[in-house]
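# Results of the structural survey
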There are 2 protein chains.
Amino acid sequence: MAKNVIVGQSGGPTAVINSSLAGVYKTARSLGADTVYGMKYGIEGLLKEEMVDLDELLDDRMSIELLKRTPSSYLGSCRYKLPDPDTDSAPFVKLFNLFDKYDICAVFYIGGNDSMDTIAKLSRYAARVGSSVRFIGVPKTIDNDLCLTDHTPGYGSAAKYIATILKEVIRDSSVYNLRSVTVAEIMGRHAGWLAGAACLAAGEDCEGPDLILLPEVPFDEEKFLARVDELQQRKPNVIIAASEGVKTAGGVYLCDLVSTAGQLDAFGHKAVLSGTSRYLSELIHKRLNCKSRAIEFSTLQRCASHLASRTDVTEAYAAGGAAAAAAFAGETGRMIALKRIGNTPYQCITESVDVQQVANLEKKVPLDWIAPDGMHVTAAFEEYARPLILDELTPIYVNGTPRHVHL
Amino acid sequence: MAKNVIVGQSGGPTAVINSSLAGVYKTARSLGADTVYGMKYGIEGLLKEEMVDLDELLDDRMSIELLKRTPSSYLGSCRYKLPDPDTDSAPFVKLFNLFDKYDICAVFYIGGNDSMDTIAKLSRYAARVGSSVRFIGVPKTIDNDLCLTDHTPGYGSAAKYIATILKEVIRDSSVYNLRSVTVAEIMGRHAGWLAGAACLAAGEDCEGPDLILLPEVPFDEEKFLARVDELQQRKPNVIIAASEGVKTAGGVYLCDLVSTAGQLDAFGHKAVLSGTSRYLSELIHKRLNCKSRAIEFSTLQRCASHLASRTDVTEAYAAGGAAAAAAFAGETGRMIALKRIGNTPYQCITESVDVQQVANLEKKVPLDWIAPDGMHVTAAFEEYARPLILDELTPIYVNGTPRHVHL
């Protein structure tokens, strides 16, 4: 009987996607897997038979510790989506031949809703052709937009990064005795989970952001400007956290409002002004005539392992481990989900859910977790998100920077 | 005899400017100062008699520890420059009256070369009017451009931040099996000390940046593109660290090359494309037809206390303390400098230098620390900068984010 397994990483990286890889690897080995293979660049690489033997790479405990502290996807990733097997079965035939060739009994895929589509299709195809290979998805995304799971591994660390650097930017914004507005742009095109995490900057030593704009709420320019104006008249430094996905009532992204204005840059390209924060900062400057600056929190939101949440690291590892355990218990076509047991104290366990009910769907911020005026989040949001950023995983600094592993 | 002192912070903040404040405060108290006053918003605030009594704010050891971990300028800052006392003595008369009123025997000013101009002018004026008040400058700037000091407090932490996040971005850049160029934009309008620190991302686990562009070297577009082309043909992910201060041979900033192209944004303003990194990224995309992205390291370079260098924190504190000691030993018109004793092991002490020889001057990266092709730094640069980013000061995390203090 086949005793080998294979694991892949897919979609955008997070600070803790490698912790899930470590969890799959260690647990599969503990449960008796002979060889744990890794797909290079996800299913796209596997189709080209690009694989590595993880036993050769992660055979000591130190490598596992470094892997947990390494951002981005250790194995590489892809955004490839498998076709519908009814219209094109070629990639499926090829993949199942490879599973035979390498004595694969279980396939693990760490990713978001597109990646869960891959697990769903593979498990359906396996049922149709009578294959015993099991397919389990491991959730991963900073966007926290997967259904049927309380939250996704990767979100907590992104939220901790956002809260921490926003707090530092808030301190920075008050350095001069000047009135100013700061607009921080936060990732999340469709859901406001990351923008909402800006509320976590608040505490006894910090007021946190004054306004939070989420994609769930249509942007009302006049209402927004009136609110900013009111704020800047009573406090010197106004802080706005804005999701990159903020749209007008007509469904146009604010960033597109600028870049579709038609101007060309020095190269004759359409200017990539983009930037929701730049748009808002300019709007405030022009309409309220006050000093305003934009700051983009950038790709660091998905790769700042030096500031990972230990809660997130632990849960990411557990999700990977639970996936291996589920496969060895005979499950297939499932995704591991996180189930919150309670908040006082915060406790969370894994369970498995039907991957078909996760694939391709998006979970947004509940409207009753958004403030009535649509420009902040409620205490319920903070109560939900706060436990996910708690505690730290100390980087292992060598020569002044955190040590990573790479293929 | 007057036994009180006053301290102010000036210019842009750093991650460790508050450690220097802590050093002044603790040492002045140890040496017998009755009251340690703080200027609110630097000398500009002092002219309005805006002061705080630091004894009331920092009276316990925990406050000092939190102060060392708080980014930005605790007391607030300004960019105000005193006039020449020969043409306008009014502010000097006002300030010296305040020194009398509050029994001030020594004034400490933590800042860059503009702030040292303030100390120089005040000490010259004191000599002229026969005042016994002593004036000592404490160096501070992420730009590392002060003369007569081996390096400046603030630089090491900015360098550690740049090296760490560049390393994370480098890992992030290799996630997909695609060829790409990443251009990271680093602060430093006139000197390349911060851009050069990108070399510190390199180690056994990371190649570091492929190219580093400094303001000290005129930008040669064709040579640059030929080099990028050669690189991207032999490695999938090319990493470029570019100073925001990169200029053409004609002295034009690259960022101005874009924004002076004349296009207007949606508001009829000149488009703030700016961004040296955006310019370079567009240039690469257009001329070499390859995927390219720009990332700005932003204001976090001066306020990321969560990633401060412990070496920097310790030296910043020592510089503040040495300033207090110098004043109590009778010195005036001096700036505390850092003097490197050696690299193996790294040892550094403080000394005092003539502030007149520091004020308004800029120290650039020596040309023999820049690679012959002008697009990287040498081993000598790394040997200089590496010790400055070593070791960490663990933030005190409360509820998931670092705890700060504020006025």
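Note that the coordinates shown come from a computational prediction; the quantities given were computed from them, not determined experimentally.

### Some remarks on the sheet that holds strand 9 (residues 292–296) of chain B
Residue and element names in this part refer to chain B. What the four strands build is an open sheet, ordered 7-8-6-9; its pairing is parallel. Lying at the two open borders of the sheet, with one neighbouring strand each, are strand 7 (211–213) and strand 9. Taking each pair of neighbouring strands and ignoring which way they run, the sheet shows an average axis angle of 20°. Pairing geometry for strand 7 and strand 8 (residues 237–243), over three bridges, is parallel. Bridge pairing links Ile212 to Ala241 in strand 8. On top of the sheet, helix 7 (residues 155–173) reaches strand 6 (180–186), strand 8 and strand 9; it is set at about 165° to strand 6, its chief contact. Against the sheet, helix 9 (residues 221–234) engages strand 6, strand 7 and strand 8, with an angle of about 160° to strand 7.

### A look at the UniProt feature "active site" (unreviewed entry) in chain A
Residue and element names in this part refer to chain A. Sequence positions flagged by UniProt for "active site" (unreviewed entry) are, in local numbering, Asp143. Checked against the element boundaries, Asp143 lands in the loop between strand 5 (134–139) and helix 7 (155–173). Excluding anything up to four places from it in sequence, Asp143 contacts Gly188, Trp193 and Leu194.

### Some details on the interface of chain B and chain A
Counting residues at the interface gives 72 residues for chain B and 73 residues for chain A. Taken together, the two surfaces of chain B and chain A that pack against each other cover about 6,100 Å², and 57% of this comes from carbon and sulfur. Linking chain B to chain A there are eight salt bridges. Asp205 of chain B serves as the salt-bridge partner of Arg403 of chain A, at 3.4 Å between the closest nitrogen and oxygen. There are 37 residue pairs in polar contact (both at pLDDT 80 or more) connecting chain B and chain A. Contributing elements (two or more residues each) for the side of chain B that touches chain A: helix 7, helix 11 (276–288), strand 9 and strand 13 (401–402) of chain B.

### Details of the domain arrangement of chain A
Residue and element names in this part refer to chain A. Looking at the assigned domains, one finds that chain A contains domain 1 (4–150 + 305–402) and domain 2 (155–303). Computed over C-alpha atoms, the centres of domain 1 and domain 2 are 31 Å apart. Interface area for domain 1 against domain 2, summed over the two sides, is near 3,100 Å², with a carbon-plus-sulfur share of 67%. Looking only at domain 1, the three residues that lose the most surface to domain 2 are Ile142, Leu307 and Met375, adding up to 23% of its buried area. Remark: the boundary between domain 1 and domain 2 carries two salt bridges. Taken together, domain 1 and domain 2 are joined by 17 residue pairs in polar contact (both at pLDDT 80 or more). Here the side of domain 1 that touches domain 2 gets four residues from one element, more than from any other, and that element is helix 14 (residues 379–385). Classifying every residue of the side of domain 1 that touches domain 2 by side-chain character gives 20 nonpolar, eight polar and 11 charged.

### Some words on the packing of aromatic side chains
For the coordinates displayed, the defined rule picks out 28 aromatic pairs over all chains. Measuring from centroid to centroid gives 5.2 Å for Phe96 of chain B and Phe99 of chain B, while their planes differ by 75°, and the two rings are edge-to-face. Here Phe96 of chain B pairs with Phe99 of chain B, and both are found in helix 5 (residues 90–101), just three residues apart, close to one helical turn. Ring pairs connect the aromatic residues Phe92, Phe96, Phe99, Tyr125 and Phe135 of chain A, which therefore count as one cluster. Between Lys68 of chain B and the ring centre of Tyr317 of chain B, over which it is positioned, the NZ or CZ distance is 5.5 Å. Over the aromatic face of Tyr253 of chain B sits the side chain of Arg189 of chain B, whose NZ or CZ is 4.2 Å from the ring centroid.

### Some remarks on the relation of the copies chain B and chain A
Between the two copies of the chain lies a relationship made up of a rotation around an axis and a movement along it. Of the two same-sequence chains, chain B is brought onto chain A (RMSD 0.0 Å, axial shift 0.0 Å) by a rotation of 180°. Taken together, the rotation and translation describe the operation of a two-fold axis. When the interface residues of chain B are mapped onto chain A, 100% of them again lie at the interface, so the same face is used by both copies.

### Quick notes on the side chain of Ser281 of chain B
Mapped onto the elements, Ser281 of chain B comes out in helix 11. Apart from the residues lying within four places of it in its own chain, the contact partners of Ser281 of chain B are Val183, Ser292, Arg293 and Ala294 of chain B.

### Here we look at helix 6 (residues 113–129) of chain B
All names here are of chain B. The end-to-end C-alpha distance of helix 6 is 24 Å, a good match for the 24 Å that 17 residues give at a rise of 1.5 Å each. Counting buried residues in helix 6 gives 12 out of 17 residues, a clear majority hidden from the surface. Taken as a whole, helix 6 has its buried residues at Asn113, Ser115, Met116, Asp117, Thr118, Ile119, Ala120, Lys121, Leu122, Ser123, Tyr125 and Ala126. Turning to helix 6, the residues buried within the fold contact helix 2 (42–46), helix 5, strand 4 (104–111), strand 5 (134–139) and strand 10 (334–343). Among the residues trailing helix 6, Gly130 stands out with phi positive, at a value near 70°.

### Focus on the sheet that holds strand 2 (residues 36–39) of chain B
Residues and elements named next belong to chain B. Spatially, seven strands are ordered 3-2-1-4-5-10-11 in an open sheet, and the strand pairing comes out mixed. Single-partner strands in this sheet number two, and they are strand 3 (51–53) and strand 11 (346–354). Adjacent strand axes in the sheet meet at a mean angle of 25°, parallel and antiparallel pairs treated alike. Examined bridge by bridge, strand 10 and strand 11 share nine bridges and lie antiparallel to one another. Looking across to strand 11, one finds that Gly342 is bridged to Gln347.

### Looking at the environment of Ala90 of chain B
Within the secondary structure, Ala90 of chain B sits in helix 5. Note: C-alpha distance between Ala90 of chain B and Leu338 of chain B (248 residues apart in sequence) is 34 Å.

Conventions adopted
Residues numbered from 1 in each chain as written. Chains lettered and ligands numbered in written order. Predicted model: local features only at pLDDT ≥ 70, side-chain atom pairs only at ≥ 80, totals over all residues. Heavy atoms only, no water. Pairing = 2+ DSSP bridges. Helix = DSSP H or I, 4+ residues; strand = E, 2+ residues; numbered from the N terminus. Axes fitted to C-alpha atoms, helices over the stretch in contact; angles between N-to-C directions. Contact = heavy atoms within 4.5 Å. UniProt positions renumbered as here; feature names shortened; annotations may be inferred. Buried area = accessible area lost by both parts, 1.4 Å probe. Salt bridge = Lys/Arg side-chain N within 4 Å of Asp/Glu carboxyl O. Polar contact = N/O pair within 3.5 Å; in protein donor to acceptor, adjacent residues only side chain to side chain. Domains from an automatic or database assignment. Nonpolar A, V, L, I, M, F, W, Y, C, P; charged D, E, K, R; others polar. Phe/Tyr/Trp six-rings, centres within 6.5 Å; stacked < 30°, edge-to-face > 60°. Lys NZ or Arg CZ within 6 Å of the ring centre and 35° of its normal. Least-squares fit on C-alpha atoms with pLDDT ≥ 70 in both. Expected span 1.5 Å × (residues − 1). Buried < 20%, exposed > 50% of the residue type's maximum accessible area, 1.4 Å probe, protein only.

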